[in-house]
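These are the residues of each chain, in order.
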Amino acid sequence: MISKVGERGVSLSGGQRARRGLARAVYAQADLYLLDDPLAAVDAHVGAHIFEKVMGPGGILKDKARLLVTHSVAFLPQCDHIVVMEEGTMKEQGTYDELLNKEDGQLARLVEEHTLEEDQNHEKKTKTECAKQETKMSEKGSSKVSDGQDKDGGVTEPLLGIDNDNEEGVQTGRVGLG
């Protein structure tokens, strides 16, 4: 795919510029790569893909020296050595496991905050999805068959668990009770 790029990349989004810059760096085939938060401008799933295929332990640059500066804790478990900085000062360094198990460690606190934030986002997303499902169910319930009985008082298929939707997505029909 060829994209027309204006002067200084003005027609590219931040994520596109980040991917272009990383591609140029990889193409240069250097021995050392200084990567200043290259995944900050891309979506989480795109960032995970780029990390896996390019910068991570199994990526294109696996045999090269890579110094990754990032604000994301998601990729840290795959890093060989981590240096935690705060206001220009090194606070701690070590492997992911060493730093995570360190009592009152900066990295442990950051990971805990990140995990809590992810849990809250997941809970919010789940509640939103449930609300959407409830809305759909109430819309279905306002149709002619909602409580297991049709307009003549007969038992209908929803009450019996028979899945036979019509074109409106509403289960209909009558079951004789003999």
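Quick note: structure is the one above.
Conventions used here
Residues numbered from 1 in each chain as written. Predicted model: local features only at pLDDT ≥ 70, side-chain atom pairs only at ≥ 80, totals over all residues. Heavy atoms only, no water. Phe/Tyr/Trp six-rings, centres within 6.5 Å; stacked < 30°, edge-to-face > 60°. Helix = DSSP H or I, 4+ residues; strand = E, 2+ residues; numbered from the N terminus. Buried < 20%, exposed > 50% of the residue type's maximum accessible area, 1.4 Å probe, protein only. Contact = heavy atoms within 4.5 Å. Salt bridge = Lys/Arg side-chain N within 4 Å of Asp/Glu carboxyl O.

A. Quick peek at the packing of aromatic side chains. This structure, assessed with the given rule, holds one aromatic pair. Look at F51 and F75: their rings are 4.6 Å apart centre to centre, the planes differ by 20°, and that puts the pair in the stacked class. Pair noted here: F51 is in helix α2 (residues 44-55) and F75 is in the loop between β2 (65-69) and β3 (82-86), with a separation of 24 residues, a long-range link. Residue class for F51 comes out buried when judged on its relative accessible area of 4%. Given the relative accessible area of 12%, F75 is considered buried.

B. Structural view of the environment of L99. Mapping L99 onto the fold places it in helix α3 (residues 96-100). Note on L99: relative accessible area 2%, which makes it buried. Residues L99 and V83, spaced 16 residues apart in sequence, show a C-alpha to C-alpha distance of 9.5 Å. Other than its neighbours up to four places away in sequence, L99 contacts I82, V84, E92, Q93, G94, L107 and A108.

C. Representation of the pattern of salt bridges. Taken as a whole and assessed by the stated rule, the structure comprises four salt bridges. Among the ionic pairs, D31 bridges to K64, the shortest N-O distance being 3.9 Å. Of the two residues, D31 is situated in the loop between α1 (14-27) and β1 (32-36) and K64 in the loop between α2 and β2; the sequence distance between them amounts to 33 residues. Given a relative accessible area of 29%, K64 falls into the partly exposed group.

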